[in-house]
Amino acid sequence: MQLRYLTLYASVVAASCAETYDYIVVGGGTAGPALATRLSLGLPSATILLIEAGPAAWDEPLINIPGNRGLGIRSRYDWNFTSIPQPNVGDRVFAYARGKVLGGSSALNLMTYDRAAVNEYDAWEELGNDGWNWENMIAAMMKSETFTGKNTPTYGDKGVGDSGPVQAVVNRYIPVQQESFIPTMNELGIEGNLESLGGDPLGVMYQPNSIDHVPWNRSTAANAYLPLAGSNLRVLTDKTVAKVNLKKVGDSQVATGVTLVDGTVYTASKEVILSAGAIQSPALLEVSGIGQAAVLAAAGVQQKIELPGVGENLQDHLRIQSSYQLKDGYISFDNIRANATYAAEQMARWKAGQVGAYDYAGSGYSFMTWPQALDASGADALVALAEEAAAADPHPVTAKKLEFLSDASVPQLEVIFSDGYTGVKGYPAATDPLFGNQYITLIAGLMHPLARGSIHIDAAGAPVIDPNFFSNEHDVQALVDAIKYCRRISQTEPFASLWDVEYEPGEATQTDEQWRDFVMKTSLSIFHPTGTCAMLPRADGGVVDSDLRVYGTKNLRVVDASIIPLLISAHIQTAVYGIAEIAAEKIIDAA
Ligand SMILES: Cc1cc2nc3c(=O)[nH]c(=O)nc-3n(C[C@H](O)[C@H](O)[C@H](O)COP(=O)(O)OP(=O)(O)OC[C@H]3O[C@@H](n4cnc5c(N)ncnc54)[C@H](O)[C@@H]3O)c2cc1C
């Protein structure tokens, strides 16, 4: 146990027996600890209770060691959600990993630390949310972070904070083979960008990660924020909230507190705030009686507020990937799983604080518009398909995405250089002659899919996740274009000289039909569900107003990824931290 956590740990185990708190925050994930800590500091005479369903896991190597990224998925720290079968892709079921631990998904994620373009945050305000724009979001995101490595060969100085709790740094372990990525993308016309966190993410870059550089540990919402909190914050772990308790006062519902699954009731004298994430916050609203009449009736829940937007507007990024077998002489991250001696050596280096493979958390990224990645007819074809999709889903969020397609500042495609095999076919088994080979993977992410799905409760109150993937032809064609672009990258020098066999999908995949089939069978979620308690006008399906207060309630707010009305072209943890910082300011101002 690290010393600086001892005090906090003591307060976790000795969690107060008091029944009443001023503020109750449900969910000790990413937004929850950030919000609860800021409330504790900003309202020193208030009492705050943070309730997390998972355990505290301060010393967990699966979480703390950057090179173990991904191993938390399907572990005891994962809720292990899955989507319902997706009819447009042969009823495939998509994994939905979610952190179930103090730190939540910030403890389970892949540590990519980035931001979208200025116009994308400004779009939140244009959708009807006063003050939710780039200017305020960048100030809030910078407040949440300390970025180490300004004015170095891997970053300039724009758009990064220097005194916040979350630690971010460009990865110090850059495998030799990754050195080909930037020149290759330059060859394809994508320029280098050393200030990608400053509102213009287009280009190719070394990518920051949420890592504390001393020691070289993952930085999570739990280990970054909670040690700063005062003794007025109590953290309860391994406790699951069953519902929010509501009482009608005049025309509004007042949140009086929460009931846990074990029946314990905690009372809130001021506010209840849901930070249970994009999957469980809408579910908690619904089990508490807030949502669509039909959904609540089917679940046997008495409706308290008719709010049709709850659980709707689900948006998520899709990814597709191709892998290449490296020529002899290269060592990739695969060697950790293929060679026990190497793995032990690298672990010893990490423990000794020396640079090594266990430092790695991904570090080569690029973001581009379609006209940058495709020829003019390909980009135009996607716009035409998007127009069709927008006509079928006439909603301001979809209309805004259509606008983004013609905005030269907004990325539509992300391509990640991933060291080692991170595809779908699986790394060769120990009995396979290919076992021991070294790979690199290109992961393409679709930044603005037009599918919007939903998350509603079933009769048992559990969330039913329907991302509605590939419900429009734009999303299918965009991923086909994305994976074909990856092959183009792989065949461009100097990248082309790194490998000798395309392992996945393989040279046999050539025709459009085959590429489409590959997309349908192997695309995955990037685990960025958003929008299910959208901050939007009520008439547009909004669930919370621009103060993040649930419509129809006096003192119930949602503060997490679910309030993001329109998914941005970035991995979303920096935005979630920014949302928590802004929410804390609003709640403190209102106190
Ligand atoms: C595997 C994975 C990889 C990702 N990779 C990246 C990445 O590289 N970069 C990036 O920027 N983003 C990434 N993301 C996304 C990002 O981490 C999440 O979007 C973000 O952390 C969500 O924050 P949140 O506060 O909304 O929810 P969470 O962090 O999920 O927090 C919700 C918390 O609420 C708790 N909870 C839920 N229900 C209850 C209840 N009833 N009672 C009590 N507690 C409850 C949960 O246990 C959880 O701790 C990834 C996500 C995952 C899952």
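Worth saying up front: this structure is predicted, and the values here are computed from it rather than measured.

## Side note on the UniProt feature "active site" (unreviewed entry) in the protein chain
Look at the UniProt record and you will see "active site" (unreviewed entry) annotated at His528 and His571. These annotated residues cover 44 residues of sequence, and their C-alpha atoms lie no more than 7.1 Å from one another, placing them together at a single site. The contacts of histidine 528, once residues within four sequence positions are left out, are Asp316, His317, Leu567, His571 and Ile572. Position of histidine 571 among the secondary structure elements: in the loop between strand E25 (556-558) and helix H17 (573-590). Once residues lying within four places of it in the same chain are set aside, the contact partners of histidine 571 are Thr112, Asp114 and His528.

## Focus: the UniProt feature "domain: Glucose-methanol-choline oxidoreductase N-terminal" (unreviewed entry) in the protein chain
Under the feature "domain: Glucose-methanol-choline oxidoreductase N-terminal" (unreviewed entry), the UniProt entry names residues 99-122 and 277-291. Helix makes up 21% of residues 99-122 and strand 0%, and the two end C-alpha atoms of the span are 29 Å apart. Helix makes up 73% of residues 277-291 and strand 13%, whereas the separation of the span's terminal C-alpha atoms amounts to 17 Å.

## A look at the packing of helix H13 (residues 376-392) against helix H14 (residues 396-405)
Close contact between H13 and H14 brings their axes to 10 Å; oriented N to C, the two are set at 170 degrees. In this view, H13 runs roughly antiparallel relative to H14, as classed from their interaxial angle. Between H13 and H14, the residues in contact are Leu382, Val383, Ala386, Glu387 and Ala390 and Thr398, Ala399, Leu402 and Leu405, respectively. Residues belonging to the contact of H13 with H14 are distributed by class as follows: seven nonpolar, one polar and one charged.

## Section: helix H15 (residues 473-490)
The terminal C-alpha atoms of H15, which comprises 18 residues, lie 26 Å apart, in line with the 26 Å expected from a rise of 1.5 Å per residue. In terms of residue burial, H15 counts as a mostly covered element, since 13 of its 18 residues are buried.

## Points about the site of the ligand
As a structural note, the neighbourhood of the ligand is formed by 40 residues, with Gly27, Gly29, Gly104, Gly277 and His571 the closest of them. Elements represented by at least two residues in the shell around the ligand include exactly helix H2 (31-42), helix H8 (277-287) and H17. For the shell around the ligand, the element with the highest residue contribution is H8, accounting for four residues. Residue composition of the shell around the ligand, grouped by class: 17 nonpolar, 19 polar and four charged.

So, how was this worked out
Residues numbered from 1 in each chain as written. Predicted model: local features only at pLDDT ≥ 70, side-chain atom pairs only at ≥ 80, totals over all residues. UniProt positions renumbered as here; feature names shortened; annotations may be inferred. Contact = placed C-beta atoms within 7 Å. Helix = DSSP H or I, 4+ residues; strand = E, 2+ residues; numbered from the N terminus. Axes fitted to C-alpha atoms, helices over the stretch in contact; angles between N-to-C directions. Parallel < 35°, antiparallel > 145°, perpendicular 65-115°, else oblique. Nonpolar A, V, L, I, M, F, W, Y, C, P; charged D, E, K, R; others polar. Expected span 1.5 Å × (residues − 1). Buried ≥ 20, exposed ≤ 12 C-beta atoms within 10 Å, placed from the backbone. Near = placed C-beta within 6 Å.

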